[in-house]
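The residues making up each chain are set out below.
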Amino acid sequence: MPDERTGPAMDASRARVRAAFGAFAASTLLAACATQAPAGVEPEAPGFLFGLIHGVIAPFAWVVSLFDPKTAIYAVPNNGGWYDFGFVLGAGLFPLSIRRGLFARRRD
């Protein structure tokens, strides 16, 4: 009985994994070179808490921004990394809360 984990199928699978890893590594190296404009960071600008709030309301702000050019979903200037961290955390909370609501089982 031939082993399914060897042969041309396995070689093709390994080649895809290597290509995906190479693409990921290259994009990570390129992203590491990115910098934020100094004018976009101010110490007194919105920080973590505002980033969290802006992340949670981002889907709604995006819909509004389609009709109102003055509305943005991301605050510039902000205080840098902490605002970004809060924004990403808040943006992640929205889909998780929807998923929990849609797939929640009622306990009787």
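For every chain, the first residue of its written sequence is number 1, and the numbers climb from 1 along that sequence. Where local features are concerned, this predicted model is filtered to residues with pLDDT of at least 70; where side-chain atom pairs are given and counted, the filter is 80 or more; whole-chain, interface and lining totals use all residues. Note that the side-chain values use all heavy atoms of the structure and ignore hydrogens as well as water.

Enquirer: Sorry if this is basic, but what is going on with the overall build of the chain here?
Expert: We count a stretch as a helix when DSSP gives it H or I for four or more residues in a row; a strand needs E for two or more, and each element gets its number in order from the N terminus. For the chain, the count of helices and strands is three helices and zero strands. Out of the 108 residues belonging to the chain, those deemed buried represent 13%. A separation of at least 24 residues holds for 77% of the contacts in the chain among residues at least 6 apart in sequence. Reported accessibility uses the Shrake-Rupley method at a 1.4 Å probe radius. Residues are deemed covered only where the shown protein chains occlude them. Split by element, the accessible area of the chain, about 9,100 Å² in all, is 68% carbon and sulfur. Any residue under 20% of the maximum accessible area for its type is buried, any over 50% is exposed, and the rest in between are partly exposed; the area is computed with a 1.4 Å probe on protein chains only. In what follows, residue pairs with any heavy atoms lying within 4.5 Å of each other are defined as contacts.

Enquirer: I'm lost on a nonpolar patch on the surface in this one. Help?
Expert: A surface patch of nonpolar side chains, about 1,100 Å² in accessible area, is lined by Phe48, Leu49, Phe50, Ile53, Val56, Ile57, Phe60, Trp82, Phe85, Leu89 and Leu93. When residues of the nonpolar patch are traced back to their parent elements, those giving at least two are α2 (48-67) and α3 (81-103). With seven residues, the top contributor of residues to the nonpolar patch is α2. Along the chain, the position of Phe85 falls in helix α3. Patches in this entry comprise residues that are over 30% relatively accessible and not in a salt bridge; like charges within 9 Å are linked, as are nonpolar side chains (Val, Leu, Ile, Met, Phe, Trp, Tyr) within 5 Å. Whenever a carboxyl oxygen of Asp or Glu lies within 4 Å of a side-chain nitrogen of Lys or Arg, that contact is scored as a salt bridge.

Enquirer: When you look at the side chain of Asn78 in this model, what are you seeing that I'm missing?
Expert: Relative to the helices and strands, Asn78 resides in the loop between α2 and α3. At a separation of 3.4 Å, a polar atom in the side chain of Asn78 contacts the side chain of Tyr74. Any pair of nitrogen or oxygen atoms within 3.5 Å is treated as a polar contact; in protein, a donor-acceptor pairing is required on top of that, and neighbouring residues in sequence qualify only through side-chain atoms on both sides. A polar contact is formed between the side chain of Asn78 and the backbone oxygen of Ala75, at a distance of 2.9 Å.

Enquirer: Hey, could you run me through α2 in this one?
Expert: Since there are 3.6 residues in each turn of an α-helix, residues three or four apart along the chain are aligned in direction. An expected span of 1.5 Å times one less than the residue number is assigned to each helix. In this model α2 runs 28 Å from its N-terminal to its C-terminal C-alpha over 20 residues, within 8% of the 28 Å that 1.5 Å per residue would give. At Ala58, α2 is deflected by roughly 60 degrees, the largest bend along its length, and proline Pro59 occurs up to four residues later in sequence. Of the residues making up α2, those classed as buried are Gly51, Gly55, Ala58 and Ala61. Bending is quantified residue by residue as the angle between axes fitted to the seven-residue window ending at that residue and the seven-residue window starting at it.

Enquirer: Explanation requested: the packing of aromatic side chains in the structure shown.
Expert: Describing an aromatic ring pair means giving the distance of the ring centres and the angle of the ring planes. Here is the rule: rings of Phe, Tyr and Trp (six-membered ring for Trp) pair when centre to centre is within 6.5 Å. Planes less than 30 degrees apart are stacked, more than 60 are edge-to-face, and the remainder are tilted. One pass over the structure, following the stated rule, counts six aromatic pairs. By way of ring pairs, the aromatic residues Phe48, Trp82 and Phe85 are connected into one cluster.

Enquirer: Before we go on, may I ask you to explain unusual backbone geometry in this structure?
Expert: Most peptide bonds adopt trans geometry, and most residues besides glycine take a negative phi value. The omega torsion of the bond from Val76 to Pro77 falls at 5 degrees, within 30 degrees of zero and hence cis. Here Pro77 is to be found in the loop between α2 and α3.

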